[in-house]
Amino acid sequence: MIKLKNGFEVDYNEDFDIFFKNLIESIIYESQKGIVKLRKEEKDKTTNELLIQEIMDNSIFVSHQIIEMSKVNEKLSKFIVAGSIFNCILLSFNNFKIDITDEKDKDMIH
C-alpha cells in the first residue's frame, strides 16, 4: 500500500498496470482536492501552479515510500520504478516523431 500526503491509501495490486493507474489517478484527484485549502493560503499562485505543486509534493511523498520499501522488498521497489518509467514512456510516446514500423503488418508501433 502507498499512502499519499493527505493520508489517502492506494492498495497494491499484483497487476502493475492496474496499480500504476490507480496510483496516478489517486495522486491527480487527491491533489485536486488538496488545492482547495491552498487557494485560500496562497492567493498569489494560479490554480495550475498550486495543482502542479501538490502533484509534485505527492510524487515526492510516494518516492520516499518506495525508497523505504526497497529496504524491505528490493524486488518490489525495482518493479515499481521500472514499471513507472515504462508507463511514462508509453504515455509520452505520441509526443515524439518516431516512425517505427513492423515489417510483418506495416502498422505503426504506439
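Everything discussed here concerns the structure shown above.
Right, let's walk through the structure included here. Just so it is clear, the structure is predicted and the values come from calculations on it, not from any experiment.

Thoughts on the overall build of the protein chain
Secondary structure assignment for the protein chain yields three helices and two strands. Walking the protein chain from its N terminus toward its C terminus, one meets helices and strands in the order β-β-α-α-α. Expressed as a percentage of its 110 residues, the buried residues of the protein chain come to 25%. Put simply, of all contacts in the protein chain between residues at least 6 apart along the chain, 39% involve residues at least 24 apart.

Some details on the packing of helix α1 (residues 16-41) against helix α3 (residues 74-92)
The interhelical angle for the contact between α1 and α3, taken along N-to-C directions, is 75°, at an axis separation of 11 Å. Here α3 runs roughly perpendicular to α1, going by the angle between their axes. Where α1 approaches α3, its residues Phe16, Asp17, Phe19 and Phe20 are matched on the opposing element by Phe79, Ile80, Gly83, Ser84, Asn87 and Cys88. Each residue belonging to the contact of α1 with α3 can be placed in one class, and the counts come to six nonpolar, three polar and one charged.

Overview of α1
Counted at 1.5 Å a residue, the expected span for α1 with its 26 residues is 38 Å, and the 37 Å between its end C-alpha atoms agrees. At Ile35, α1 shows its largest kink, close to 30°. Among the residues making up α1, those that are buried are Phe16, Phe19, Phe20, Leu23, Ser26, Ile27, Glu30, Ser31, Ile35 and Leu38. Check the buried side of α1 and you find it contacts β1 (2-3), β2 (9-10), α2 (47-72) and α3. At the N-terminal boundary of α1, the capping side chain belongs to Asp15, with an oxygen 3.1 Å from the backbone nitrogen of Asp17.

Considerations on the side chain of Ser77
Summarising the element assignment, Ser77 is placed in helix α3. Looking at Ser77, its side chain comes within polar contact range of the main-chain oxygen of Glu74, at 2.9 Å. Residues in contact with Ser77, not counting those within four places in the same chain, are Ile66, Met69 and Ser70.

Quick notes on a nonpolar patch on the surface
Taken together, the side chains of Ile24, Ile28 and Tyr29 define a hydrophobic patch exposed on the protein surface, amounting to about 270 Å² of accessible area. Along the chain, the position of Ile28 falls in helix α1. A relative accessible area of 35% means that Ile28 is categorised as partly exposed.

Calculation criteria
Residues numbered from 1 in each chain as written. Predicted model: local features only at pLDDT ≥ 70, side-chain atom pairs only at ≥ 80, totals over all residues. Heavy atoms only, no water. Helix = DSSP H or I, 4+ residues; strand = E, 2+ residues; numbered from the N terminus. Buried < 20%, exposed > 50% of the residue type's maximum accessible area, 1.4 Å probe, protein only. Contact = heavy atoms within 4.5 Å. Axes fitted to C-alpha atoms, helices over the stretch in contact; angles between N-to-C directions. Parallel < 35°, antiparallel > 145°, perpendicular 65-115°, else oblique. Nonpolar A, V, L, I, M, F, W, Y, C, P; charged D, E, K, R; others polar. Expected span 1.5 Å × (residues − 1). Bend = angle between axes of the 7 residues up to and from the residue. Polar contact = N/O pair within 3.5 Å; in protein donor to acceptor, adjacent residues only side chain to side chain. Patch = residues over 30% accessible without salt bridge, like charges linked within 9 Å, V, L, I, M, F, W, Y side chains within 5 Å. Areas by Shrake-Rupley, 256 points an atom, 1.4 Å probe, with all protein chains shown as cover. Salt bridge = Lys/Arg side-chain N within 4 Å of Asp/Glu carboxyl O.

Any link to function would need more than the numbers given here.
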